[in-house]
Amino acid sequence: MTTTDRPMRVRMAPSPTGPLHIGTARTSLYNYLTARHEGGTYVLRIEDTDTARSTVDFERDIIDNLHWLGISWDEGPQVAGGDDVGAHGPYRQSQRLERYREESARLLESGAAYHCWCTPEELEAVRKEQEARKEAPRYNRRCLNLSDEERAAFAAEGRPSVIRFRVEAEPIRFDDLVRGEVEFDNALLGDFVIVRNDGMPLYHFVVVVDDEAMEITHVIRGEDHLSNTPKHIALIRALGYHEPRFGHIPLILNADRSKMSKRKSQTSMTAYREEGYLPEAMVNFLAFLGWSPGTEEEVFTLDELEDRFELSKVHKGGAIFDRDRLDHLNGVYIRALSDEQLALRLRGWVPDAVRDDDLLHLVPLIKERLVKLGDAPSLIGFVWEPDEVVASWYSPELLHPKKGGPPEARAALEGALRVLGELDDADFSADVLEQRCREAADDLAMKAGDFFTPIRVAITGRTVSPPLFASLEMLGRDRSLARVADAIEKLAEVAA
Ligand code: GLU
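Residues numbered from 1 in each chain as written. Predicted model: local features only at pLDDT ≥ 70, side-chain atom pairs only at ≥ 80, totals over all residues. Heavy atoms only, no water.

Caption draft 1: Layout of the side chain of His 88. Relative to the helices and strands, His 88 resides in the loop between helix 2 (56-69) and helix 3 (97-110). Residue His 88 is classed as buried on the basis of its relative accessible area of 15%. Side chain to side chain, His 88 and Arg 9 meet in a polar contact 3.2 Å long. A distance of 3.2 Å separates a polar atom in the side chain of His 88 from a polar atom in the side chain of Glu 75. Excluding residues within four positions of it along the chain, His 88 makes contact with Arg 9, Glu 75, Arg 96, Ala 213, Met 214 and Glu 215. (Helix = DSSP H or I, 4+ residues; strand = E, 2+ residues; numbered from the N terminus. Buried < 20%, exposed > 50% of the residue type's maximum accessible area, 1.4 Å probe, protein only. Polar contact = N/O pair within 3.5 Å; in protein donor to acceptor, adjacent residues only side chain to side chain. Contact = heavy atoms within 4.5 Å.)

Caption draft 2: Looking closely at the site of the ligand. What surrounds the ligand is the set Arg 11, Ala 13, Ser 15, Glu 47, Tyr 203, Val 207, Arg 221 and His 225. With respect to the ligand, the side chain of Arg 11 contributes an N or O atom lying 2.6 Å from an oxygen atom. Contact distances for the ligand include 2.7 Å between an oxygen atom and a side-chain N or O atom of Tyr 203. Taking 300 Å² as the accessible area of the ligand by itself, protein coverage stands at 80%. (Near = heavy atom within 4 Å. Areas by Shrake-Rupley, 256 points an atom, 1.4 Å probe, with all protein chains shown as cover.)

Caption draft 3: Main features of helix 2. With 14 residues, helix 2 should cover 20 Å at 1.5 Å per step; its first-to-last C-alpha distance of 20 Å lies within 8% of that length. By the burial criterion, the buried members of helix 2 are Glu 59, Asp 61, Ile 62, Ile 63, Asn 65, Leu 66, Trp 68 and Leu 69. Where the residues of helix 2 are buried, they touch strand 1 (9-12), helix 1 (22-38), strand 2 (41-44), helix 8 (269-275), helix 9 (279-287) and helix 10 (302-308). Where helix 2 terminates, the next one or two residues include Gly 70, which has phi positive at roughly 95°. (Expected span 1.5 Å × (residues − 1).)

Below is the structure:
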């Protein structure tokens, strides 16, 4: 894929103005995979020129979640607020202001950039006139055409000024690594601001300066940046830089094909992590948001992806974020874990009071049906929650079997009370319990399912639970009896 004669260097350039976004994670993964697949170098650069909104906490959220996914990089900070690693630093834009100043001075010097003193009101008036004439809004170059005297007068007045880049009216063509030939007419762009009045340089400018300084050869980023690329290429030419290859990867869309945005969708990686998605499932899922191996295979570890991923196979069309697919993959990865591994992963969702041994025994109860680690407490919490808490999870009506009302519920619970009471601790095993309960159902001429429902709700607080008899065994004789007795009382309260 490398068509530059320089060694491949790619980068991800997150802005720490929010938590790690799903889209940034996917971009980051594609960069990582490209670098690993091609033997390139991967650089993390923190784009924190928006000092008002950038925080170390967001930097931490981004770095920690990338590491959680298993993504590593060769250069740039490795921990939030930490030191740089690598010879192309500093890797935080807030520490590179001197370089930007030098480069903007060079552009001013060559005439490729100029000061602009127009006030917001003046710019607004121009915009309105253009709108009235049905022209595309763009800067009218008033300040480019000032005389030296006018310029000197504005400067002497101390009027606020910005620096604008003078865009040449020329078509810009590039061969996008994903999209193929792309052409823009820069005549439509207008001269854009590269340095604000307070001296802060802006995105289009700093990204170009940094990519050159960090010897980036391939810029792989979201398609939302496609329209920025002609601006970047124009700047690259004016500054006499190397032009990297560009690859724009498709947007991530909601199921209704609308753009996945912070407002409408869950976009923060931390939120998915907290729900209990496994990082290996998430990586597998992200890889397929815009790429596929061209075969039916769908389960890939990060190592396999490094081997197989190719940017040239990335799709042009938008990638639908399909939560069902993520859930499916998560289940696949959960079931591939050993019971011991799963118990370890569940530790964060289960109270410390539950001993490791006991947790390990609970794992087989849920492994087959667990979608996310975070679902575990609602499935097996009945084991460690006190009786009154479990009782608070259900209303008496939930005790009624599908075919029947309070009398049937009562008959089943009383039957259960008798059966459970007859067994001693040694016999209190799933197999024996099942056999005895089925017999009791027969004696009462009840369907097994109708007999089990009230018991299930009494024991687990829910109508859907792990296998009933294993649940009873796990809870033990005394606690099971107490819960069934509580349920009978609950029924009686309503009847009274
Ligand atoms: N800071 C930009 C972003 O987060 C980086 C864009 C780029 O890769 O050039 O979208």
